[in-house]
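# Analysis of the macromolecular model
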Amino acid sequence: MMKQTLTASDFFSAKLAFETDCADVYTDIMKKRCDYVLLDVRSTEAFQKSHAITAKNLPTSEINAETLANYAYDTKFVVYCWGPGCNGATKAALRLSDLGYRAKEMIGGIHYWEDLERYPVNRRNVAIQQ
């Protein structure tokens, strides 16, 4: 039996199949070529405070067959959460995959999107922010 060796090309190709970044998502939005749903998987309160433009909200803990019933099984999702210190997006992508959907994680999350890249967000001002 021949042992298969994973090459760097195999590894990075597979990684790009399951990850994207803020710059690529923003470019897709600006060029109107999103063939996926951008899904913010943080709490509803965090989403209302600030979220990436075009994003929909579905907290990781609420991802299940019932909450996804309006999406076709060929729907692709790009998910994000707080940022590099949070694995909520990874958990969400796993849940989506386990339910038969295709999912990618947007590395960097809202932290990179809003604070580092300064891409536009939808925001609801609350008293503490004023």
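Residues numbered from 1 in each chain as written. Predicted model: local features only at pLDDT ≥ 70, side-chain atom pairs only at ≥ 80, totals over all residues. Heavy atoms only, no water.

Here we take up the sheet that holds strand β4 (residues 56–57). Each strand in a sheet pairs with another by means of backbone hydrogen bonds, the pair being arranged parallel or else antiparallel. Spatially, five strands are ordered β1-β6-β5-β2-β4 in an open sheet, and the strand pairing comes out parallel. Two strands in the sheet have a free side with no partner beyond their single neighbour: β1 (19–21) and β4. Pairing analysis gives three bridges linking β1 to strand β6 (residues 102–107), with the strands arranged parallel. The residue of β6 that forms the bridge with E19 is E105. Helix α2 (residues 22–30) rests against β1, β2 (37–40), β5 (76–80) and β6 of the sheet, and its axis sits at about 75 degrees to β1. (Pairing = 2+ DSSP bridges. Helix = DSSP H or I, 4+ residues; strand = E, 2+ residues; numbered from the N terminus. Contact = heavy atoms within 4.5 Å. Axes fitted to C-alpha atoms, helices over the stretch in contact; angles between N-to-C directions.)

It is worth spelling out the packing of aromatic side chains at this point. One pass over the structure, following the stated rule, counts seven aromatic pairs. Judged by centre distance (5.6 Å) and plane angle (75 degrees), the rings of F77 and Y101 are edge-to-face. Of this pair, F77 sits in strand β5 while Y101 sits in the loop between α4 (88–98) and β6; the two residues are 24 residues apart in sequence, bridging distant segments of the chain. This pair shows no difference in class: F77 is buried, exactly as Y101 is. Ring plane angle 65 degrees and centroid distance 5.1 Å describe the contact between W113 and Y119, whose orientation is recorded as edge-to-face. On the basis of relative accessibility, which here comes to 0%, the residue W113 falls in the buried class. Chaining the aromatic ring pairs together yields one cluster made of Y71, Y73, F77 and Y101. One cation-aromatic arrangement involves R42 over W82; the distance from NZ or CZ to the ring centre is 4.9 Å. (Phe/Tyr/Trp six-rings, centres within 6.5 Å; stacked < 30°, edge-to-face > 60°. Buried < 20%, exposed > 50% of the residue type's maximum accessible area, 1.4 Å probe, protein only. Lys NZ or Arg CZ within 6 Å of the ring centre and 35° of its normal.)

So, on to the nonpolar core. By size, the foremost hydrophobic cluster in this structure holds 16 residues, and its most contacted members are V25, L38, Y80, M106 and W113. For this core, the secondary-structure elements that each account for two or more residues are α2, β5 and α5 (109–116). No other element matches α2, which puts three residues into this core. Ignoring sequence-local partners within four residues, the contact set of W113 consists of C22, V25, Y26, I29, A52, I53, M106, R118, Y119, P120 and V121. Membership of the second largest hydrophobic core comes to 15 residues, among which are V37, L39, F77 and V79. (Core = buried A, V, L, I, M, F, W, Y, C linked by side-chain atoms within 4.5 Å.)

Looking now at the pattern of salt bridges. What the rule picks out here adds up to four salt bridges. R33 is the salt-bridge partner of D28, the closest N and O atoms lying 2.9 Å from each other. Across the salt bridge formed by D35 and K76, the nearest N and O atoms sit 2.3 Å from each other. Here D35, found in the loop between α2 and β2, pairs with K76, found in strand β5; they are 41 residues apart in sequence, far enough to count as distant. Owing to a relative accessible area of 25%, K76 belongs among the partly exposed residues under this scheme. (Salt bridge = Lys/Arg side-chain N within 4 Å of Asp/Glu carboxyl O.)

Within the fold, E105 resides in strand β6. Of the buried charged residues, E105 lacks a salt bridge, with K15 as the closest side chain of opposite charge at 9.9 Å. Not counting chain neighbours up to four residues away, the residues in contact with E105 comprise F18, E19, T20, V79, A89 and T90. (Lys, Arg positive; Asp, Glu negative; His and termini not counted.)

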